[in-house]
2 protein chains.
Amino acid sequence: MAANDVYVYDFAEGNKDMADLLGGKGANLSEMTNLGLPVPPGFTITTEACRAYLATGREPDGLREEVDAHLRALEEARGKRLGDAADPLLVSVRSGARFSMPGMMETVLNVGLNDASVAGLAAQAGGDERFAWDSYRRLIQMFGKTVCDVPSEEFEHALDDAKRARNTTNDLDLDAADLRALVDTYKKLFAKHTGREFPQDAREQMDLAILAVFQSWNAERAILYRRQERIPADLGTAVNVVAMVFGNLGPDSGTGVAFTRDPASGHQGIYGDYLANAQGEDVVAGIRNTIPLQELERLDKRSYDELLGIMSKLESHYLDLCDIEFTIEQGKLWMLQTRVGKRTAAAAFIIAGQLVDEGLIDLDEAVMRVNGEQLGQLMFPRFDLSGDPKPLARGVGASPGAAVGKAVFGAPRAAELARAGEQVILVRRETNPDDLAGMIAAQGILTSRGGKTSHAAVVARGMGKTCVSGADALEVDTRNGKFTVDGTVIREGDVISIDGTTGKVYVGAVPVQPSEVVRYFEGDVAGDQEGADPLVSAVHRIMSHADSLRQLRVRTNADTGQDAARARRFGAEGIGLCRTEHMFLGDRRELVERLILARTDGERQDALDALLPLQRADFVEIFEAMDGLPVTVRLIDPPLHEFLPPLEELAVSVAVARERGEDAAKAEALLAAVRRMHEQNPMLGLRGVRLGLVIPGLFAMQVRAIAEAAAECAGRGGNPLPEIMVPLVGAVQELETVRAEAERIVADAGAGAVSIGTMIEVPRAALTSGQIAEAAEFFSFGTNDLTQMAWGFSRDDVEGAFFWRYIELGIFGISPFESLDRDGVGRLVRIAADEGRAARPDLKLGVCGEHGGDPESVHFFHEVGLDYVSCSPFRVPIARLEAGRAAVETAPSAAAG
Amino acid sequence: MAANDVYVYDFAEGNKDMADLLGGKGANLSEMTNLGLPVPPGFTITTEACRAYLATGREPDGLREEVDAHLRALEEARGKRLGDAADPLLVSVRSGARFSMPGMMETVLNVGLNDASVAGLAAQAGGDERFAWDSYRRLIQMFGKTVCDVPSEEFEHALDDAKRARNTTNDLDLDAADLRALVDTYKKLFAKHTGREFPQDAREQMDLAILAVFQSWNAERAILYRRQERIPADLGTAVNVVAMVFGNLGPDSGTGVAFTRDPASGHQGIYGDYLANAQGEDVVAGIRNTIPLQELERLDKRSYDELLGIMSKLESHYLDLCDIEFTIEQGKLWMLQTRVGKRTAAAAFIIAGQLVDEGLIDLDEAVMRVNGEQLGQLMFPRFDLSGDPKPLARGVGASPGAAVGKAVFGAPRAAELARAGEQVILVRRETNPDDLAGMIAAQGILTSRGGKTSHAAVVARGMGKTCVSGADALEVDTRNGKFTVDGTVIREGDVISIDGTTGKVYVGAVPVQPSEVVRYFEGDVAGDQEGADPLVSAVHRIMSHADSLRQLRVRTNADTGQDAARARRFGAEGIGLCRTEHMFLGDRRELVERLILARTDGERQDALDALLPLQRADFVEIFEAMDGLPVTVRLIDPPLHEFLPPLEELAVSVAVARERGEDAAKAEALLAAVRRMHEQNPMLGLRGVRLGLVIPGLFAMQVRAIAEAAAECAGRGGNPLPEIMVPLVGAVQELETVRAEAERIVADAGAGAVSIGTMIEVPRAALTSGQIAEAAEFFSFGTNDLTQMAWGFSRDDVEGAFFWRYIELGIFGISPFESLDRDGVGRLVRIAADEGRAARPDLKLGVCGEHGGDPESVHFFHEVGLDYVSCSPFRVPIARLEAGRAAVETAPSAAAG
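Residues numbered from 1 in each chain as written. Chains lettered and ligands numbered in written order. Predicted model: local features only at pLDDT ≥ 70, side-chain atom pairs only at ≥ 80, totals over all residues. Heavy atoms only, no water.

Where an unreviewed UniProt entry is consulted, chain A appears under the name Pyruvate, phosphate dikinase, with the organism given as Phytohabitans flavus. Regarding chain A, the UniProt comment filed under Catalytic activity (unreviewed entry) reads as follows: "pyruvate + phosphate + ATP = phosphoenolpyruvate + AMP + diphosphate + H(+)". Per UniProt, the comment on chain A under Sequence similarities (unreviewed entry) is "Belongs to the PEP-utilizing enzyme family." (UniProt positions renumbered as here; feature names shortened; annotations may be inferred.)

Structure (structure tokens):
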């Protein structure tokens, strides 16, 4: 930040690739200027100037002089001077950071007006005094609010009073005298709240507005937003100073917003709104009703045609949907802003497909224009809105999905009704850890407070449960079991529907329709035929291309033949994690109890012998569903006491039986066994390979079942490709011991070669991976446990208990169980990948934690160079897409571009 | 292992530094040969030959030719030939690995005798036929047993039969005819068990013996021993082939063992035993009574004087206590073995001091001649054996200490009696995880089975509890509550005494005396005065020198003024870990319950306000005890639910109260709270910094108490040096948040500068230590939790449940909670130390886990370059000594040497 840095750029000096320095708004104003579009002249003060100001608390050296010079050029261009009473130059001062950010100061219009120049403005407007006083009134209001924190509603109330006095609700009915009186009222309000008069010096107005933009970078809401969206805290914002143009200079003036395509559906056409004789904030404030943009053709065909031309030019320049803000000043069109527009998930796919068709982008680029989060949204069932249900309220779409159920207002009641088979929506003001059981039981969660990072939102996303948070129109009265919205009362048991994507809340049961995209993946609808649904067709093309690009293979986590078959339809290229502990439940629980309670080797072996054929049958089913593709079977992992009744329950029933004088001998024996196996921290106890080494015959039985199942399938002409995975290994000696026994059994069963590898889920395994690779043909990263142990987080306990608070404090932006923590857990993954491969170059590397289906994490796994990710069947398409996107990102051409 | 490797060394070719290649025995035989001592000629086959044999299953190429050549040289030197019937050369074949190792084959004497050459041997011995047949008898017995696994007792029985027939118990009473008949019997036994005749080819005898030594490397007991002692499995053993000399050639012959000093007390003098007219194994077998070595002077003054000269020469050559084996053959002294001798802990210190006094070694070397484990043994109270109690039995000294108590035979009974205030010794055949409660309750544990790595031994050492294991003379009858040794019956309630150092078991209460060494550290006896106890004097000199050498500072873990004061007397240079959670117990529990159950901010703050003055008083006491030395206070760490009643107990009492129709409202409210706070894995739950961030005011109260206590002490002229340590940090943002608040409070309390740092106990903290160091003035490694999380071991659960099995399987040689796991946990420590210091060069680094007092681990912390270790008060002297030893080890001169 030397004194000779350039802190101010004229619009003609910048371009769209300079957003880091000029902010998004400034960079795009420059781009449009250089495209020859009608942009009012102006200049941008850089983010670097802002950073320098925030670091030192004062304007950086040289900034004032640069602003002077650019202001002079602007005055020259417009032929007017700032503060000139007779012919004033007015400017807008607008914030514009790299990423748009609610909570920062945005815009002050009409800067440069004062008690004297208001007359000059009237003269400029052909003697329109009403316009001039209205403009002055607006300046005081915006300046007061955004620069000096004068409460906005006080100005609103004064305006309402003035309209009431005129017996109107339309501000156009106020005349010049009314507005002049209003200016007096506003100035008094300003003085009352700030302790000073409204500044009459035009340059002072501008300078104060610029500093206010700088300072607004650290406004509380902006800080919160940055934390939530993981935007770095040290970027700073740029400031745009632009010559004013007026949409409120009469019926041949107006202002509007437009999209180059429909941001909801992606369809091409004219989408936008226009408001005649108005300034931009009138559109936002909703004081008068806008008209569809198409109607502008009738009002001002020349401007309309010019606008369409500009929109087309912008699309072919930005190669994407753009949104724009424009103003028409007495028949002259001005472009005030453009940017690549936000869109729905469906529109993202459709537009990407269209742009390819139009030859504007190639398929690689189309893959980059969509993402896995959007694809995931499209795979949720959606509400069928064809009946056009009217939402009762709207909150934040905090966790996507469509949930229907009876409203309940407490967690115990929710759990009770759910146990009785009812579908419920848990409604609370806000949730806390006490509500967890109710949240688990409910179809969805609705709260009247909190945003995307509230307890309800964070926990629901972790559970994959639909959630609408912060629906602040709801008055929730949990004590009386009801909520009220504008007089409508919903009581416990009334059915409601909540849309976790849009945040909308409906009364009654809105019908739910399956996702077309899922039907496509299931093979129920085709994506490559004429007349296919445009979304399905776009998804088909993009997914096919992503598949052709990606270097990561995608497997699935599946424990049954049914899951395996579905995942295969969804594109899975094998099973990365087949958990065997689920095979010990149901009617086999009795055998497992015998196994655990066995007091002699014989009793234990009997139980194992009875389990063997059942396990073998499980594996046959899975190998058949995945014939020809690898199936990684994990030997049993969780602690055996999970197969016994809970200690507390059993202790109570024994105590009660004793109290009643009943015979409790059998229950007491069971209690003694459960107590013996009880662990303080079962996550860190006797599980995984430890079980296999301590309980003779357990792993041997499982390995035999795998080997015999493979031999059976092969015997029938199948091509089973089993891989045996040993869980929770922390030391190579553990793996060596299991491997030696397993190899003997596999050879004995005549099953051909079976590769044997290990989970890397204990930090020590990653730290000693060079040693472990000597005994492992593959590593599969168990990133769930690796996250639990690297952070010291028991997922069962901490997510509901305090993650919301951690996200609120900015300790992390997203739960490390949702998206892989690169710095900590990711470092372990890198260490193990690098050192494992150094020790054994043909080591196969995969990941089977839930991160395997998380978009951000998939990119990381691609960067590290894993061979595959594995995830739940529904996440397989998401992983495929993101693996393709990761490949584009790291392709040589992308790196060069 | 190329064909041109040298596999055989003549004794004249080796030296004592070649033990890796020649084994300990061979290297020392070479050394003595080159010192000009009378060693019978011979050669050593290297460990490399053994390794080659074990890897391929056959003799390595070239070995046979080398053995041929060396055998020829040996024949030449002795003027006799192996297998020559008229004048046979006899040799011994002896194993000799790098480390002596029970379970391996040891020695076959008289190799080369057969039916023909026995007459030649008689002729060599001046016609002594008895001697010749006795030698042949011994060969068949030893060869049969060690080379061919013929059960030894069958030979013993035959010998006994022969003696019985002569009506004697002394084998010298058997004449030549008896022994000749015995040879016939032995040969039949040999044939019966091996299916072949005893080999008559002398060279075949020798070759078979050599291969048997090779193979014995992998004998089961040897493998087990190596695992226990952490000796690498791939070293292999050397084989020594030595010309026979005979101690059984008449009254002017004999054999003996000697030490150059008393290995029990360290006192200088002649210590040893001699047996005339005998071979070495007769001494071991105890067939006849030995005489004290001093009496040899009377029998054979010339040999005696020569022996004393050799012993003196060996001591000044080896600069240490040596033990030796020798044989006198018809008045000619031969040295058969020497090595640096084992000694008791007390002798180690005394001898080291003596050697310094004698100018043989310097103080640096004296520090290396002792170790922390020995010092630890000297700090346990010991039995006062002045009453010369006779041990009832002897087992393995599995966990040191002296314990006295009533024998009990079941864990529940042990716990019951302990609750009633009784001191008990738990006696079991062997223990298993079900016995844990009883082990905790008992003063000591005594088992009749298992060695140093049995469940009992491993768990007891982990608890620091006295244990004697494998006392196999005990017949333990738990059902009837008694054990029997040779007819003596000990029943439940009878008092016994067990010595965990010597493994001895006594009937009745043997008086226990405090350790003189502890009295010295306490300042009760002086170490630097004339006439001081020689042990105390030696400890004093060595400790003082270790202190002058060490670079690591030694602090203590202490939570009270009393502990702090004692640790300071023991040499602690500050407190490395002051746990504050203990301050929340006792009569403060009620306040803590209020804190936890608070439903409003006000209720919570009231509880905190009441705790503040109590905490402040705690800190004042500690700061005064450690005035002028740093005191690291850890903010509260364990989960708050630990301060509430256990869930299961509470649930039972509520259920029972309901069943009885009693009012349980209060208990139910408490139960609800306990259930709300219940965690699946509290170790990984809401604790440490997480509590501080979630419960408003908790950390603030503690920081205020610390700051105000410091201000109070300083106000009285003291010099308190508090350091605030934040536990369980995994991300720098956690520490930043706590630091910001703490700095405000410290400034507010006017306490001067207080340094703020963090535990490194979560793997992620180590992995992101560069970031964390930006916000920390010190790191303290919490190696207990770091071990728990890096391995995924809940110490409470796994040590008793399966560590014994892991040690048995060789997965680790010692619990990673006892001695730091260098490869895994140690790697995290290195990462954090290196990257922390890179980010903040003046970062202070310490360790406060229990490894801070473990000898092996202290060396590691020294190598990593930490500033200090912290350990329990009793371990402070051990850490001081080991820190000094580590400094010597890494000193430049040592590195060069």
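Caption draft 1: The packing of aromatic side chains, seen in detail. Enumeration according to the criterion identifies 54 aromatic pairs over all chains in this entry. Seen in terms of ring centroids, Trp 791 of chain A and Phe 812 of chain A are 5.5 Å apart; in terms of plane orientation they differ by 85 degrees. Their pairing is edge-to-face. One end of the pair, Trp 791 of chain A, is in helix H31 (residues 783-791); the other, Phe 812 of chain A, is in the loop between helix H32 (795-808) and helix H33 (822-839), with 21 residues separating them in the sequence. One aromatic cluster is present, built from ring pairs that chain together Trp 791, Phe 793, Phe 802, Phe 803, Tyr 806, Phe 812 and Phe 817 of chain A. Its guanidinium or amino end placed over the ring of Tyr 868 of chain A, Arg 555 of chain A lies 3.9 Å from that ring's centre, counting from NZ or CZ. The lysine or arginine in question, Arg 98 of chain B, covers the ring of Phe 99 of chain B, its NZ or CZ lying 5.1 Å from the ring centre. (Phe/Tyr/Trp six-rings, centres within 6.5 Å; stacked < 30°, edge-to-face > 60°. Helix = DSSP H or I, 4+ residues; strand = E, 2+ residues; numbered from the N terminus. Lys NZ or Arg CZ within 6 Å of the ring centre and 35° of its normal.)

Caption draft 2: Quick look at the interface of chain A and chain B. Between chain A and chain B, the residue contacts involve 58 residues of the former and 58 residues of the latter. Summed over both partners, the interface of chain A with chain B buries about 5100 Å², with 57% contributed by carbon and sulfur atoms. For the pair chain A and chain B, the number of links is 8 salt bridges. Salt-bridge contacts for Asp 821 of chain A lead to Arg 764 of chain B; the nearest nitrogen and oxygen are separated by 2.6 Å. Between chain A and chain B we count 32 residue pairs in polar contact (both at pLDDT 80 or more) in total. Among the secondary structure elements, those contributing two or more residues to the side of chain A that touches chain B are helix H24 (647-659), helix H25 (665-677), helix H26 (689-694), helix H28 (732-749), helix H29 (763-767), H31, H32 and H33 of chain A. (Contact = heavy atoms within 4.5 Å. Buried area = accessible area lost by both parts, 1.4 Å probe. Salt bridge = Lys/Arg side-chain N within 4 Å of Asp/Glu carboxyl O. Polar contact = N/O pair within 3.5 Å; in protein donor to acceptor, adjacent residues only side chain to side chain.)

Caption draft 3: Region of interest: the UniProt feature "binding site: Mg(2+)" (unreviewed entry) in chain A. Residues and elements named next belong to chain A. Annotation from UniProt places "binding site: Mg(2+)" (unreviewed entry) at Glu 761 and Asp 785. These annotated residues cover 25 residues of sequence, and their C-alpha atoms lie no more than 5.3 Å from one another, placing them together at a single site. Position of Glu 761 among the secondary structure elements: in the loop between strand S30 (755-760) and H29. Residue Glu 761 is classed as buried on the basis of its relative accessible area, which comes to 2%. Other than its neighbours up to four places away in sequence, Glu 761 contacts Arg 687, Pro 727, Leu 728, Gly 782, Asp 785, Leu 786 and Met 789. One polar contact links the side chain of Glu 761 to the main-chain amide nitrogen of Leu 728, over a distance of 2.6 Å. As for its placement among the helices and strands, Asp 785 is situated in helix H31. Aside from chain neighbours lying at most four places away, what touches Asp 785 is Met 683, Arg 687, Leu 728 and Glu 761. (Buried < 20%, exposed > 50% of the residue type's maximum accessible area, 1.4 Å probe, protein only.)

Caption draft 4: Local environment of the packing of helix H20 (residues 534-549) of chain A against helix H35 (residues 876-890) of chain A. All names here are of chain A. Interhelical geometry of H20 versus H35 gives an angle of 60 degrees and a closest axis separation of 8 Å. Relative to H35, the element H20 lies oblique. In this structure, H20 meets H35 at a crossing whose hand is left-handed. Only Pro 877, Arg 880, Leu 881, Gly 884, Ala 887 and Val 888 of H35 make contact with H20, whose side of the interface consists of Ile 542, Met 543, Ala 546, Asp 547 and Leu 549. (Axes fitted to C-alpha atoms, helices over the stretch in contact; angles between N-to-C directions. Parallel < 35°, antiparallel > 145°, perpendicular 65-115°, else oblique. Left-handed = near helix turned anticlockwise from the far one by under 90°.)

Caption draft 5: Inspection of helix H24 (residues 647-659) of chain B at higher detail. For H24 of chain B, with 13 residues, the first-to-last C-alpha span of 18 Å sits near the 18 Å given by 1.5 Å per residue. Where H24 of chain B is concerned, the buried positions are Leu 647, Leu 650, Ala 651, Val 652, Val 654, Ala 655, Val 656 and Ala 657 of chain B. Buried residues belonging to H24 of chain B abut H24 of chain A together with helix H25 (665-677) of chain B. With its phi angle positive at about 75 degrees, Gly 661 of chain B sits one or two positions after the end of H24 of chain B. (Expected span 1.5 Å × (residues − 1).)

Caption draft 6: Geometry of the nonpolar core. Judged by nonpolar contacts, the single largest core of 298 residues is most densely connected at Phe 349 and Leu 375 of chain A together with Phe 349 and Leu 375 of chain B. In contact with Phe 349 of chain B, other than residues within four places in its own chain, are Val 370, Gln 374, Leu 375, Leu 378, Leu 535, Ala 538, Val 539, Ile 542 and Leu 881 of chain B. (Core = buried A, V, L, I, M, F, W, Y, C linked by side-chain atoms within 4.5 Å.)

Caption draft 7: Up close: the sheet that holds strand S14 (residues 393-394) of chain A. All names here are of chain A. With respect to topology, 8 strands assemble into an open sheet ordered S14-S24-S23-S16-S17-S18-S19-S15, the strand pairing being mixed. Every interior strand has two partners, whereas the edge strands, S14 and strand S15 (396-399), have only one. Direction of pairing for strand S18 (residues 444-447) relative to strand S19 (residues 466-469): parallel, over a ladder of 3 bridges. The residue of S19 that forms the bridge with Ile 445 is Cys 467. Here helix H16 (residues 411-419) sits on the sheet and contacts strand S16 (402-408) and strand S17 (424-428); the angle it forms with S17, its principal contact strand, is near 180 degrees. (Pairing = 2+ DSSP bridges.)

Caption draft 8: Local environment of the UniProt feature "active site" (unreviewed entry) in chain A. Residues and elements named next belong to chain A. The UniProt feature table records "active site" (unreviewed entry) at His 455 and Cys 848. Spanning 394 residues, the annotated positions stay apart in the fold, the maximum distance between their C-alpha atoms being 27.3 Å. One can find His 455 in helix H18 (residues 455-463). Ignoring sequence-local partners within four residues, the contact set of His 455 consists of Thr 431, Asn 432, Pro 433, Met 439, Gly 800 and Trp 804. A polar side-chain atom of His 455 sits 2.7 Å from a polar atom in the side chain of Thr 431. The exposure class of Cys 848 is buried, given its relative accessible area of 4%. For Cys 848, the residues in contact, after removing those within four places along its chain, are Asn 557, Gly 576, Leu 577, Met 725, Met 759, Ser 780, Phe 781, Gly 782 and Ser 870.

Caption draft 9: Structural context of the pairing of strand S16 (residues 402-408) of chain B. All names here are of chain B. Taken across its 7 residues, S16 has 6 buried, putting it largely inside the fold. Across 5 bridges, the pairing between S16 and strand S23 (residues 495-499) is antiparallel. By the bridge assignment, Gly 405 is partnered in S23 with Ile 496. With 3 bridges joining them, S16 and strand S17 (residues 424-428) adopt parallel strand pairing.

Caption draft 10: Representation of the domain arrangement of chain A in the model. Residue and element names in this part refer to chain A. Assigned domains within chain A: domain 1 (8-243), domain 2 (254-343), domain 3 (388-510), domain 4 (550-639 + 679-888) and domain 5 (649-678). The C-alpha-based centres of domain 1 and domain 2 are spaced at 22 Å. If you look at the interface, domain 1 gives 22 residues, while domain 2 gives 22 residues. Each partner contributes to the roughly 2000 Å² buried at the junction of domain 1 and domain 2, and carbon and sulfur atoms together form 55% of this total. Sorting the residues of domain 1 by area buried against domain 2 places Leu 35, Pro 38 and Arg 138 first, and these three jointly supply 26% of that buried surface. Connecting domain 1 to domain 2 are 8 residue pairs in polar contact (both at pLDDT 80 or more). Only helix H1 (19-34), strand S6 (107-111) and helix H5 (129-148) provide two or more residues apiece to the side of domain 1 that touches domain 2. Of the residues belonging to the side of domain 1 that touches domain 2, the class tally is 10 nonpolar, 4 polar and 8 charged. (Domains from an automatic or database assignment. Nonpolar A, V, L, I, M, F, W, Y, C, P; charged D, E, K, R; others polar.)

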